[in-house]
Amino acid sequence: QVQLVESGGGLVQPGGSLSLSCAASGSMFSILTMGWYRQAPGKQRELVAHVYYSDGSTYYADSVKGRFTISRDNAKRTVYLQMNSLRPEDTADYYCNAQAVLSASGNEYAYWGQGTQVTVSS
């Protein structure tokens, strides 16, 4: 019903920047929030940032505050993550997430992208 298509990711040097994007496709759904999670080897998946679609309010994990910026385009159903001052500790698989309500049922579901690798290394 809902698919998330990510773009971006790659290798960047410490202190560098990288931008990720994620577009939601499908029909008969409304987005409540979109955001980004990440998972490093041996660690649990953690929330990095999300944005509430109705008013643009945001949440950031303490580890990325002041360095990452999340934004959204309501019309395009797309969320972006601008990552600055990247550190080796930011290395992980990054997953796009959407909380969406299906029009047919009125139920809320979580959807996930395929993941994109971000590697911060010199």
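Before going into details, it helps to say that this report is about the structure given with it. Fair warning: this is a prediction, and the values are worked out from it, not measured in the lab.

Calculation criteria
Residues numbered from 1 in each chain as written. Predicted model: local features only at pLDDT ≥ 70, side-chain atom pairs only at ≥ 80, totals over all residues. Heavy atoms only, no water. Pairing = 2+ DSSP bridges. Helix = DSSP H or I, 4+ residues; strand = E, 2+ residues; numbered from the N terminus. Axes fitted to C-alpha atoms, helices over the stretch in contact; angles between N-to-C directions. Salt bridge = Lys/Arg side-chain N within 4 Å of Asp/Glu carboxyl O. Buried < 20%, exposed > 50% of the residue type's maximum accessible area, 1.4 Å probe, protein only. Polar contact = N/O pair within 3.5 Å; in protein donor to acceptor, adjacent residues only side chain to side chain. Contact = heavy atoms within 4.5 Å. Disulfide = S-S within 2.5 Å.

### Thoughts on the sheet that holds strand E8 (residues 78-83)
What the four strands build is an open sheet, ordered E1-E3-E8-E7; its pairing is antiparallel. Each edge of the sheet is formed by a strand with only one pairing partner; in this case those strands are strand E1 (2-7) and strand E7 (68-73). Ignoring strand direction, the axes of neighbouring strands in this sheet form an average angle of 15°. With six bridges connecting them, E1 and strand E3 (residues 18-26) associate as antiparallel partners. Within the sheet, the bridge partner assigned to Glu6 lies in E3 and is Cys22.

### Here we look at the pairing of strand E4 (residues 29-39)
In the sheet, E4 pairs with strand E9 (residues 92-102) via ten bridges, with the strands oriented antiparallel. Bridge pairing links Trp36 to Cys96 in E9.

### Remarks on the pattern of salt bridges
For the structure shown, the criterion picks out four salt bridges. Among the salt bridges present, the one from Glu46 reaches Arg38, with a minimum N-O distance of 2.9 Å. Between Asp62 and Lys65 there is a salt bridge, and its shortest N-O distance comes to 3.0 Å. Of the two residues, Asp62 and Lys65, both sit in the exposed class. Each of Arg38, Glu46, Arg67 and Asp90 takes part in one network of salt bridges that share partners.

### Brief notes about the side chain of Asn97
Within the secondary structure layout, Asn97 lies in strand E9. A distance of 3.3 Å separates a polar side-chain atom of Asn97 from the backbone oxygen of Tyr111. If we ignore the near neighbours within four places in the chain, the residues touching Asn97 are Leu4, Thr33, Met34, Gly35, Tyr37, Ala110, Tyr111 and Trp112.

### Considerations on the state of the cysteines
The full count for this structure, using the stated rule, is one disulfide. The disulfide partner of Cys22 is Cys96, and the S-S distance across this bridge is 2.1 Å. Between Cys22 and Cys96, the S-S torsion sits near -85°, and that sign places the bridge as left-handed. Highlighted residues: Cys22 in strand E3 and Cys96 in strand E9, separated in sequence by 74 residues. Classification of Cys22 by relative accessible area gives buried; the value is 0%. On the basis of relative accessible area, Cys96 is assigned to the buried category, the value being 0%.

Everything listed here is a matter of geometry and, on its own, says nothing about what the molecule does.
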